[in-house]
Amino acid sequence: MSAQSPIVDNATALIGFDDLVGLLHAVFVKHGTSPQVAAILAHNCASAERDGAHSHGIFRIPGYLSTLASGWVDGKATPVVTDVASGFVRVDAGNGFAQPALEAARALLVDKARSAGIALLAIHNSHHFAALWPDVEPFAEEGLVALSVVNSMTCVVPHGADRPLFGTNPIAFAAPRADGLPIVFDLATSAIAHGDVQIAARKGERLSPGMGVDSLGQPTTDPKAVLEGGALLPFGGHKGSALSMMVELLAAALTGGNFSFEFNWADHPGARTPWTGQLLIVIDPSKTAGQNFAERSQELVRQMHAAGLRRLPGDRRHRTRAKSQAAGIEIEAKDLRQLQELAQG
Ligand SMILES: NC(=O)C1=CN([C@@H]2O[C@H](COP(=O)(O)OP(=O)(O)OC[C@H]3O[C@@H](n4cnc5c(N)ncnc54)[C@H](OP(=O)(O)O)[C@@H]3O)[C@@H](O)[C@H]2O)C=CC1
Ligand SMILES: O=C(O)C1=NCCCC1
């Protein structure tokens with residue numbers, strides 16, 4: 001698709017990836033980020049939209065912009081990277097977004113992983129408002145294994161507790177494989193991501209049973225009841241709850257970031273981004289078992305398929321990406337018009 005030429009009918013538009021990145025870049029800069037931060041956020045957000053990860057694509061733009069307008073996040077922050085030890089990098093994101101902090105540390109992190117076999121990145125004083133897979137997938141594309149966790153804002157009742165405390169706290173993992181795209185999963189430790197609850201509320205859809213409770217702590221399938229004083233539940237009862245607790249410990253306690261319950265937006269009307277921490281672990285598999293890791297992961301996939309599995313985590317996303325790359329990214333025409341207006345001011 002040529003630059004700035006989305007194909008629009010009454011209801012839908014098809015836009016090329018580079019065009020969407022350019023449009024989002026203009027939106028972010030117009031609303032208070034530096035060009036450098038805008039480039040990273042625009043690429044991240046357009047990638048989510050391209051891959052059909054709608055809960056963290058252009059749906060998030062109003063939240064980004066109201067947060068920037070509220071002064072809750074610094075859209076021009078310059079991350080400060082500290083080379084702590086042989087396998088340990090620390091970044092103070094300067095109350096900015098987490099993705100520019102990761103970008104600032106990426107080269108050092110990869111160097112350390114390749115020389116020591118493993119490296120850890122601890123980001124704090126950061127805001128993560130996006131999907132987590134874009135943070136790990138590029139490492140697997142370079143032959144590395146990556147794991148990341150980030151905590152968010154209080155909206156999940158720990159299993160057995162009476163009130164919300166944890167965030168939706170996702171975990172993302174990426175590993176290379178010999179004959180295909182990397183193996184990637186990215187999942188909230190809540191039964192459903194908060195973004196998907198908001199989308200269900202807008203569309204007038206119900207949630208599946210077991211995902212949320214209302215303001216009285218009673219089970220509900222009404223997304224509005226969850227959003228208006230209610231809360232989410234962890235996936236898998238005590239098991240998801242334990243993983244969510246682990247995310248709080250790794251993403252906040254270990255990095256120097258806030259726990260999900262340690263901040264509130266009350267003084268910043270319009271603020272939507274969690275102000276927390278993020279942890280990444282990157283492993284060079286060539287330094288470990290002495291076998292070809294990518295061949296071994298390919299063998300696992302082969303056996304999973306032979307066992308009848310038809311869909312690996314990441315397959316839907318990669319299929320959507322291929323479709324978007326061939327035909328353009330499909331978005332609602334009204335959303336395109338809104339982005340064009342936002343880019344003007
Ligand atoms: N920044 C933040 O603080 C937060 C961000 N998020 C983000 O929200 C997004 C959505 O999370 P969540 O709702 O848990 O994601 P989903 O439950 O939709 O998917 C979780 C993972 O499971 C895979 N998957 C889904 N269904 C199947 C299936 N039937 N068979 C095999 N694999 C499957 C997905 O692959 P595929 O993608 O290919 O469908 C994905 O890797 C994530 O990107 C997450 O990072 C969530 C919470 C907080
Ligand atoms: O969908 C979610 O859950 C979240 N996404 C972005 C940050 C806050 C939580």
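Given the structure is predicted, the values throughout are model-derived calculations rather than measurements. (Residues numbered from 1 in each chain as written. Chains lettered and ligands numbered in written order. Predicted model: local features only at pLDDT ≥ 70, side-chain atom pairs only at ≥ 80, totals over all residues. Heavy atoms only, no water.)

Asker: What am I meant to see in the site of ligand 1 here?
Answerer: Neighbouring ligand 1 are 20 residues; Ala-130, Asp-186, Ala-188, Arg-311 and Arg-316 lie closest to it. A distance of 3.4 Å separates an oxygen atom of ligand 1 from a polar side-chain atom of His-56. At a separation of 2.8 Å, a nitrogen atom of ligand 1 approaches a polar backbone atom of Ala-130. Going through the elements one at a time, β8 (183–187) and α10 (315–327) are the ones with two or more residues in the shell around ligand 1. (Near = heavy atom within 4 Å. Polar contact = N/O pair within 3.5 Å; in protein donor to acceptor, adjacent residues only side chain to side chain. Helix = DSSP H or I, 4+ residues; strand = E, 2+ residues; numbered from the N terminus.)

Asker: What am I meant to see in the sheet that holds strand β2 (residues 12–15) here?
Answerer: The pairing of strands in a sheet comes from backbone hydrogen bonds and takes either a parallel or an antiparallel form. Strand order in the open sheet formed by three strands is β1-β2-β13, with antiparallel pairing between adjacent strands. Both edges of this open sheet fall to β1 (7–8) and β13 (329–332), since each of them pairs with a single strand only. Strand contacts of helix α1 (residues 17–30): β2 and β13, with the helix running at about 100 degrees to β2, the strand carrying the most contacts. (Pairing = 2+ DSSP bridges. Contact = heavy atoms within 4.5 Å. Axes fitted to C-alpha atoms, helices over the stretch in contact; angles between N-to-C directions.)

Asker: I tried to follow the site of ligand 2 on my own but got confused; where do I start?
Answerer: Every residue near ligand 2 is listed here: His-56, Arg-60, His-128, Phe-129, Ser-152, Met-153, Thr-168, Ala-193, His-194, Gly-195 and Pro-274. Contacts to ligand 2 include Arg-60, whose side-chain N or O atom sits 3.1 Å from an oxygen atom. In this structure, His-194 approaches ligand 2 through a main-chain N or O atom, which is 2.8 Å from an oxygen atom. For ligand 2, whose free accessible area comes to 260 Å², the fraction covered by protein is 93%. Broken down by class, the residue content of the shell around ligand 2 amounts to four nonpolar, six polar and one charged. (Areas by Shrake-Rupley, 256 points an atom, 1.4 Å probe, with all protein chains shown as cover. Nonpolar A, V, L, I, M, F, W, Y, C, P; charged D, E, K, R; others polar.)

Asker: What is the right way to look at the confidence of the model for the protein chain in this model?
Answerer: Any residue range with low pLDDT should be treated as having predicted coordinates unsuitable for detailed reading. Averaged over the protein chain, the pLDDT score is 96; the fraction of residues at 70 or greater is 98%. Model confidence for the complex is summarised by a pTM of 0.97, with the ipTM given as 0.99. (pLDDT = per-residue confidence, 0-100.)

Asker: Honestly, the packing of aromatic side chains in this entry has me stumped. Any pointers?
Answerer: Describing an aromatic ring pair means giving the distance of the ring centres and the angle of the ring planes. Going through the model one piece at a time under the given rule, you end up with eight aromatic pairs. Ring centres of Trp-72 and Trp-275 lie 5.7 Å apart, and the angle between their planes is 80 degrees; on these two criteria the pair is classed as edge-to-face. One end of the pair, Trp-72, is in the loop between α3 (61–70) and β3 (80–85); the other, Trp-275, is in strand β12 (residues 275–283), and 203 residues separate them in sequence. Ring geometry for Phe-263 versus Trp-265: centroids 6.3 Å apart, planes at 45 degrees, classification tilted. Taken together, Phe-28, Tyr-64, Phe-97 and Phe-129 form an aromatic cluster joined through their ring pairs. (Phe/Tyr/Trp six-rings, centres within 6.5 Å; stacked < 30°, edge-to-face > 60°.)

Asker: What exactly am I supposed to notice about the nonpolar core here?
Answerer: For soluble globular proteins, the rule of thumb is that nonpolar side chains tend to be buried together. Ranked by internal contacts, the top residues of the largest apolar core, which has 29 residues, are Leu-20, Leu-24, Phe-28, Ile-58, Ile-61 and Tyr-64. Those elements that provide at least two residues to this core are β2, α1, α2 (35–50), α3, β13 and α11 (333–344). When near neighbours in sequence (up to four residues on either side) are disregarded, Tyr-64 contacts Phe-28, Leu-41, Phe-97, Phe-129 and Ala-130. Residues Leu-102, Ile-123, Ala-131 and Phe-139 belong to the second largest nonpolar core, which totals 28 residues. (Core = buried A, V, L, I, M, F, W, Y, C linked by side-chain atoms within 4.5 Å. Buried < 20%, exposed > 50% of the residue type's maximum accessible area, 1.4 Å probe, protein only.)

Asker: What is the right way to look at unusual backbone geometry in this model?
Answerer: Of all residues except glycine, most have a negative phi; of all peptide bonds, most are trans. Even without being a glycine, Asn-95 presents a positive backbone phi close to 60 degrees. Looking at where Asn-95 falls in the secondary structure, it is placed in strand β4 (residues 88–97). In this structure, Asn-125 takes a positive phi of about 60 degrees despite not being glycine. For Asn-125, the position within the fold is in strand β5 (residues 118–127).

Asker: What is the right way to read the side chain of Thr-67 from this model?
Answerer: As for its position among the elements, Thr-67 is in helix α3. Ignoring any residue separated from it by four or fewer positions in sequence, one finds Thr-67 in contact with Trp-72, Val-73, Gly-270, Ala-271, Arg-272 and Thr-273.

Asker: Explain the environment of Ala-26 to me, please; I cannot follow it from the model alone.
Answerer: Looking at where Ala-26 falls in the secondary structure, it is placed in helix α1. The class for Ala-26 is partly exposed, based on a relative accessible area of 28%. Between the alpha carbons of Ala-26 and Ala-42 there is a distance of 8.8 Å; along the sequence they are 16 residues apart.

Asker: Looking at this structure, I do not really get the environment of Leu-144. What am I missing?
Answerer: By secondary structure assignment, the location of Leu-144 is in the loop between α5 (133–141) and β6 (145–150). Among the residues examined, Leu-144 registers a relative accessible area of 0% and is labelled buried. Residues Leu-144 and Ile-58, spaced 86 residues apart in sequence, show a C-alpha to C-alpha distance of 29 Å. Non-local contacts of Leu-144, meaning those with residues more than four positions away in its chain, are made with Val-110, Arg-114, Phe-139, Ala-174, Ala-175, Pro-176, Val-282, Ile-283, Asp-284 and Pro-285.

Asker: When you look at the pairing of β4 in this model, what are you seeing that I'm missing?
Answerer: Along a regular strand, successive side chains alternate from one face of the sheet to the other. Where β3 lies against β4, five bridges are found, and the strand directions are antiparallel. Among the inter-strand pairings, Val-80 is bridged to a residue of β4, identified as Asp-92. From the end of β3 to the start of β4, which pair antiparallel, there are two residues. The sheet contact formed by β4 and β5 spans seven bridges and is parallel.

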